[in-house]
Amino acid sequence: MLQLDQTESAIDIANPGIGSFELEREAPHRVQAGRATDALRLRNRQAVTESWNGREELLEGLNAPQAWIPSKYFYDSLGSQLFDAITHLPEYYPTRAEAAIFSRQIGDIARAVGTGRILIDLGAGNCEKAAGLFPALKPAHYVAVDISATYLETALARLRHRFPDIGMTGLGLDMSEGLSLPDSVPDARRLFFYPGSSIGNFTPADAARFLSGLRRQCQQQGGLLIGVDLIKDKAILDAAYDDALGVTAAFNRNLLARINRELGGTFDIAAFAHRAYYNEAEGRVEMHLVSRNAQHVLIDGYEVAFEKGESIHTENSYKYDDASLSALAEAGGFAIEQRWSDSKGYFADLLMVAE
Ligand code: AVJ
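Residues numbered from 1 in each chain as written. Predicted model: local features only at pLDDT ≥ 70, side-chain atom pairs only at ≥ 80, totals over all residues.

Draft legend 1. Spotlight on the overall build of the chain. Scanning the chain for helices and strands turns up 11 helices and 14 strands. Going through the 355 residues of the chain one by one, you find that 38% of them count as buried. Of the contacts made within the chain by residues no fewer than 6 positions apart, 69% connect residues no fewer than 24 positions apart. (Helix = DSSP H or I, 4+ residues; strand = E, 2+ residues; numbered from the N terminus. Buried ≥ 20, exposed ≤ 12 C-beta atoms within 10 Å, placed from the backbone. Contact = placed C-beta atoms within 7 Å.)

What follows is the structure in structure tokens.
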């Protein structure tokens, strides 16, 4: 357990649960910024090593008829940086398409959303997407939520200095276990921000459940600004998840490297090939790691065997169209108020309001 001395009382670190942390400070305290960061880094290291609380889930998944690994495990420090690199790839259009929407249509978005809201950023990462909206949306308070606490901590520390008037809260937690906001977050005028097509990792049924959860955490004036990737030509989707440089392959294989690093696994990383393709029937891109030969692996003393050609399913990335989006909003208790898209119609951001 991390001990905080009295000089750090300016930061209130609660412990909402194993593997999560909370950092909150209403105004920047420049003198103590360095110490505050050190304290959080310690706390975070603990969060990272505890994040495999699903080791049984992992072994069960690897032993299932279709082996699988939950995609939330992509995002350790290296994984987050590899994903960041993906967003710069020529083939990976979603990040640029959404950035174009946010830059060209920001006036329109700000008019629809309104200012002075409690902006709750779900999967904040480096917080840059939300920060880009601050000048137009002028949020009263910013709550950054991310599974990678280490990444979040650094980002928030920087952001505080750039926007000293916006109160900020950091929450390092796994949202797939349900989102519960601390009492310190005001419950009026909440605007959830869920950009980047993160919703695509959920099956449509789970996505609807996730939205219902958000609906329960906001009042009638509550809203959701959400980014979704749209159904398009299979060749474009295939390339976006199987780039020429092999960065997505590295991102995918990092899962195995992470199991080796953190759980003492014995995966031969080179013995698994990256495979990604758009599954038209399911409306999703699937990522797999395919065993190049018959092999077995030890994880913490447990043996897992793979046949030649057997795959480990590592991610689903669902793509939407207007019909499936309307169905999603309705199932989650929201109504679509406005929809913005990029010039190619590759990506959409929607303002959904609580019904
Ligand atoms: C972060 C889940 C939106 O599905 O496009 C990118 C993750 N996986 N390349 C996506 C991802 C492979 C990404 N999301």
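Draft legend 2. Fine view of the site of the ligand. Close to the ligand lie Ile86, Pro94, Gly196, Ser197, Ser198, Gly200, Asn201, Tyr241, Thr248, Phe251, Glu315 and Ser317, which account for all nearby residues. Of all the secondary-structure elements, those providing two or more residues to the shell around the ligand are helix 10 (247-263) and strand 12 (311-318). Tallied by class, the residues present in the shell around the ligand amount to four nonpolar, seven polar and one charged. Counting contributing residues, the shell around the ligand receives three or more from each of domain 1 (55-78 + 234-318) and domain 2 (79-232 + 322-354). (Near = placed C-beta within 6 Å. Nonpolar A, V, L, I, M, F, W, Y, C, P; charged D, E, K, R; others polar. Domains from an automatic or database assignment.)

Draft legend 3. Structural context of the pairing of strand 12. Across two bridges, strand 2 (residues 67-68) lies against strand 12 in parallel orientation. Each bridged residue has a counterpart across the sheet, and for alanine 67 the counterpart in strand 12 is isoleucine 312. (Pairing = 2+ DSSP bridges.)

Draft legend 4. Summary view of the sheet that holds strand 8 (residues 272-279). Read from one edge of the open sheet, four strands run 2-12-9-8, paired in mixed fashion. Two strands in the sheet have a free side with no partner beyond their single neighbour: strand 2 and strand 8. As paired elements, strand 9 (residues 284-291) and strand 12 share seven bridges and run antiparallel to each other. Counterpart to glutamate 286 in the pairing with strand 12 is asparagine 316.

Draft legend 5. Main features of the pairing of strand 9. A large share of strand 9 lies buried, amounting to six of its eight residues. Bridge analysis of strand 8 against strand 9 gives eight bridges, and the strand direction is antiparallel. Counted as the bridge partner of alanine 276 is methionine 287 from strand 9.

Draft legend 6. Looking closely at helix 8 (residues 204-216). In this model helix 8 runs 18 Å from its N-terminal to its C-terminal C-alpha over 13 residues, within 8% of the 18 Å that 1.5 Å per residue would give. Of the positions making up helix 8, those classed as buried are Ala207, Phe210, Leu211 and Leu214. Buried residues of helix 8, seen end-on, are gathered within an arc of 95° and therefore sit on one face of the element. Turned more than 90 degrees away from the buried face of helix 8, the exposed residues are Ala205 and Arg216. Considering only its buried residues, helix 8 is in contact with strand 6 (190-194), strand 7 (223-229), helix 11 (322-332) and strand 13 (334-341). (Expected span 1.5 Å × (residues − 1). Arc of directions from axis to C-beta.)

Draft legend 7. Just the packing of helix 8 against helix 11, in detail. Taken N-terminus to C-terminus, the directions of helix 8 and helix 11 make an angle of 45°; their axes are 7 Å apart at the nearest point. Between helix 8 and helix 11, the angle is such that the two are oblique. Helix-helix and strand crossings are classified by hand; for helix 8 and helix 11 the assignment is right-handed. Of the residues in helix 11, those touching helix 8 at Pro204, Ala207, Ala208, Leu211, Ser212 and Arg215 are Ser324, Leu328, Ala331 and Gly332. (Axes fitted to C-alpha atoms, helices over the stretch in contact; angles between N-to-C directions. Parallel < 35°, antiparallel > 145°, perpendicular 65-115°, else oblique. Left-handed = near helix turned anticlockwise from the far one by under 90°.)

Draft legend 8. Looking closely at the confidence of the model for the chain. Averaged over every residue, the pLDDT of the chain is 86; residues scoring 70 or more account for 85%. pLDDT under 50 marks residues 1-21. Its contacts with residues more than four places away, or in other chains, come to 46 contacts. Note on residues 24-50: pLDDT is under 50 here. Beyond four places in sequence and across chains, it has 48 contacts. (pLDDT = per-residue confidence, 0-100.)

Draft legend 9. Just the packing of helix 3 (residues 77-86) against helix 10, in detail. In contact at an axis separation of 9 Å, helix 3 and helix 10 are set at 170° when each is read in the N-to-C sense. With respect to helix 10, the axis of helix 3 lies roughly antiparallel. Contacts between helix 3 and helix 10 involve Leu78, Gly79, Leu82, Phe83, Ala85 and Ile86 on the former and, on the latter, Val247, Thr248, Ala250, Phe251, Asn254 and Arg258. Among the residues making up the contact of helix 3 with helix 10, the classes are represented as eight nonpolar, three polar and one charged.

Draft legend 10. Spotlight on the nonpolar core. The biggest cluster of nonpolar side chains holds 77 residues, and the ones touching the most others in it are Leu119, Ile120, Ala144 and Phe193. The element that contributes the greatest number of residues to this core is helix 7 (residues 149-162), accounting for six residues. Taken domain by domain, the makeup of this core includes at least three residues from each of domain 1 (55-78 + 234-318) and domain 2 (79-232 + 322-354). (Core = buried A, V, L, I, M, F, W, Y, C linked by C-beta atoms within 7 Å.)

Draft legend 11. Representation of the environment of isoleucine 118 in the model. Here isoleucine 118 shows up in strand 3 (residues 118-122). Once the C-alpha coordinates of isoleucine 118 and glycine 167 are considered, the two residues, 49 residues apart in sequence, prove to be 9.6 Å apart. If we ignore the near neighbours within four places in the chain, the residues touching isoleucine 118 are Pro139, Ala140, His141, Val143, Val185, Pro186, Arg189, Arg190 and Leu191.

Draft legend 12. Just the environment of glutamine 217, in detail. Examined against the element boundaries, glutamine 217 turns out to sit in the loop between helix 8 and strand 7. The partly exposed category is assigned to glutamine 217, around which 18 C-beta atoms lie within 10 Å. Sequence separation between glutamine 217 and aspartate 187 is 30 residues; the distance between their C-alpha atoms is 7.6 Å.

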